[in-house]
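Chains, contacts and geometry: an overview
So you can see what is in the structure, the chains are spelled out below.
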Amino acid sequence: MASASLALPSLKLQFPSHKSSSSRKNSSSHRVSICPIQASVSERPPYISSPPLPSSSPPVKQEKLPTRKVPGDYGLPLVGPWKDRLDYFYNQGKNEFFKSRIQKHQSTVFRTNMPPGPFISFNPNVVVLLDGKSFPILFDVSKVEKKDLFTGTFMPSTDLTGGYRVLSYLDPSEPNHAKLKKLMFYLLSSRRNEVIPEFHNSYSELFETLENELSTKGKAGLNAANDQAAFNFLARSLYGINPQDTKLGTDGPKLIGKWVLFQLHPLLILGLPKVLEDLVMHTFRLPPALVKKDYQRLYNFFYENSTSVLDEAEKIGISREEACHNLLFATCFNSFGGIKIFFPNMLKWIGRAGAKLHSQLAQEIRSVISSNSGKVTMAAMEKMPLMKSVVYESLRIEPPVASQYGRAKHDMVIESHDASFEIKEGELLYGFQPFATKDPKIFDRSEEFVADRFIGEEGEKLLKHVLWSNGSETENPSINNKQCAGKDFVVLVSRLLLVELFLRYDSFEIEVGASPLGAAITLTSLRRASF
């Protein structure tokens, strides 16, 4: 979220990501009415033929890269980090902050300070990695340590998580990491059959809400409605409870928002006057006591509705209390946060692409579901190459987790496309992912949203460079790495959003604004599918 190093260890389902799963059986499905689409889809754009990766080419002798000293410096104590913070948030903004330093140093690897700096982070000094070749070192836990680096150069108070360091802050070398990740795998595995039907139920409610708002006001805000739908979906599918039938009611998203603000405020811009915002939000920590009651309400909700998972936690060797704090964090921060950010961002790119792409998606989705007896299943979605590619392209061009951190475990050499750099043990490495996943030496038309980029044999080869999950899309999470435990879960629900959307609508139009986390989307038109 924002610039936090959120690995989204949300949850794990054994769902396929990009390999065919047509032979797999899945009982979780629902029947839908297949609506004809009126727009013509005869003019499908040609697929992008990306340059083959080195692995698919004949062996070529590699020239040894020149060794460079890592350029850049950290400036004077206090002054340097403070100046870099102002550039990052206000004077330049994130993208220009990094672009200007690439130009200055003529290198995608350099030294700088990362916010928040004084007086929140003890040491803001980092070595920045901004290309697709150097960035993956941040995933290699044999070379980098991930302990307490989830949010980067500072760590929020454990008072915000019941006094526990939750899974996101643990390095795989710590004993509790394996236990807690196993628990997340168990949660998703035990509830896998509920995901598709509960997504349909929750997001059907979302679309009805948006339609009603459009009919009365002429436009509809997506974000707040998506937040409610996302929380309802997660509670129903993973815990078997409708929040509105409990004491929590519809307050879940609001409580989560306040709680997350107290963890991420050093990394966010809220639009307050510059001097006031920098002083209040980026210089000192907000006191956790101010959200203690809100957090307790969330905790009570999860404790009362996760009995079977807490029983499993005790078998694994985790106390019920620690397990519950981790379930809350995984569901509310990781999973809910991921959906909150990524769904509006994905719809932003698809909305901007226009009616022609919408028509192609609708035809593909409806055709496959019709041939599958009207059922939405994982196997059916594997037969929708354009839809799958659109999800991957959205994750590539604007990943929901922008930043990753890792501390060098020993002296090492890191390579960019152009040079080698010596890194010393203990140095903090930082990567801004949107630069790595828009590396022009890897992706053709890297700054453009190319809907069919990942279709076909050459397109699938590029999936190794989709890195949103704290690892490559072609790799899998395990108890021994820090890759998102719910990688396939996130991909699945993103696909489900597009399937539900284009079974129901031919096209949509949007207005895009800014928000502290991702894009603010206002729907101005939803064109119902013609019967």
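It should be emphasised that the depicted structure is a prediction, and the values quoted were computed from it without experimental measurement. Sequence positions are assigned chain by chain, starting from 1 and proceeding in written order. Since the coordinates come from a predicted model, pLDDT governs what is reported: local features require at least 70, and pairs of side-chain atoms require 80 or more to be given and counted, while whole-chain, interface and lining totals use all residues. Where side-chain values are given, they derive from all heavy atoms of the structure, hydrogens and water being excluded.

The subject of this paragraph is the packing of helix α11 (residues 355-371) against helix α13 (residues 385-397). Where α11 meets α13, the closest approach of the two axes is 8 Å, and the angle between their N-to-C directions is 130°. As summarised for this structure, α11 and α13 are arranged oblique, according to the angle between their axes. Where α11 abuts α13, its residues L357, Q360, L361, E364 and I365 lie against P385, L386, M387 and V390. Per-class residue counts for the contact of α11 with α13 are 7 nonpolar, 1 polar and 1 charged. What counts as an axis is a line fitted to C-alpha atoms, over the stretch in contact for a helix, and the angles between N-to-C directions run from 0 to 180 degrees. Each helix is a run of H or I in the DSSP string that is no shorter than four residues. Each strand is a run of E no shorter than two, and both are numbered from the N terminus. An angle counts as roughly parallel when it lies under 35 degrees, as roughly antiparallel when it exceeds 145, as roughly perpendicular when it falls between 65 and 115, and as oblique in every other case. Contact definition: two residues touch when any of their heavy atoms are within 4.5 Å. Nonpolar residues are Ala, Val, Leu, Ile, Met, Phe, Trp, Tyr, Cys and Pro. Charged residues are Asp, Glu, Lys and Arg, and all others, Gly as well, are polar.

The subject of this paragraph is helix α7 (residues 274-282). Burial classes: relative accessible area under 20% of the type maximum marks a residue as buried, over 50% as exposed, and values in between as partly exposed (1.4 Å probe, protein chains only). Listing the buried residues of α7 in full gives E277, D278, M281 and H282. Down the axis of α7, the smallest arc covering the buried residues is 100°, so these residues share one side. Contacts from the buried residues of α7 go to α1 (79-91) and α6 (252-264). Within this analysis, the arc is defined by the directions that extend from the helix axis to the C-beta atoms.

Core analysis: the largest hydrophobic core is formed by 122 residues, its most contacted members being Y203, W259 and I350. Take this core: its biggest share by element is 17 residues, from helix α10 (residues 320-353). With near-sequence residues (within four places) excluded, I350 lies in contact with L357, H358, L361, V390, F449, L498, F502 and F508. Counting 18 residues, the second largest nonpolar core, distinct from the first, contains A408, M412, I414 and I423. Side-chain atoms within 4.5 Å link the members of a nonpolar core, which is a set of buried Ala, Val, Leu, Ile, Met, Phe, Trp, Tyr and Cys residues.

This part takes up the packing of aromatic side chains. For Phe, Tyr and Trp, rings pair up if their centres lie within 6.5 Å, where Trp contributes its six-membered ring, and each pair is then called stacked (planes under 30 degrees apart), edge-to-face (over 60) or tilted (otherwise). Under the counting rule described, the total for this entry stands at 35 aromatic pairs. Seen in terms of ring centroids, Y299 and Y303 are 5.8 Å apart; in terms of plane orientation they differ by 25°. Their pairing is stacked. With Y299 and Y303 both in helix α8 (residues 292-304) and 4 residues apart, the pair spans about one turn of that helix. What makes Y303 partly exposed here is its relative accessible area of 35%. Consider the rings of F329 and F333, whose centres lie 4.6 Å apart with planes at 10°: the pair is stacked. Linking F329 with F333, this pair stays in helix α10, spanning 4 residues, or about one helical turn. Its relative accessible area of 1% is what places F329 among the buried residues.

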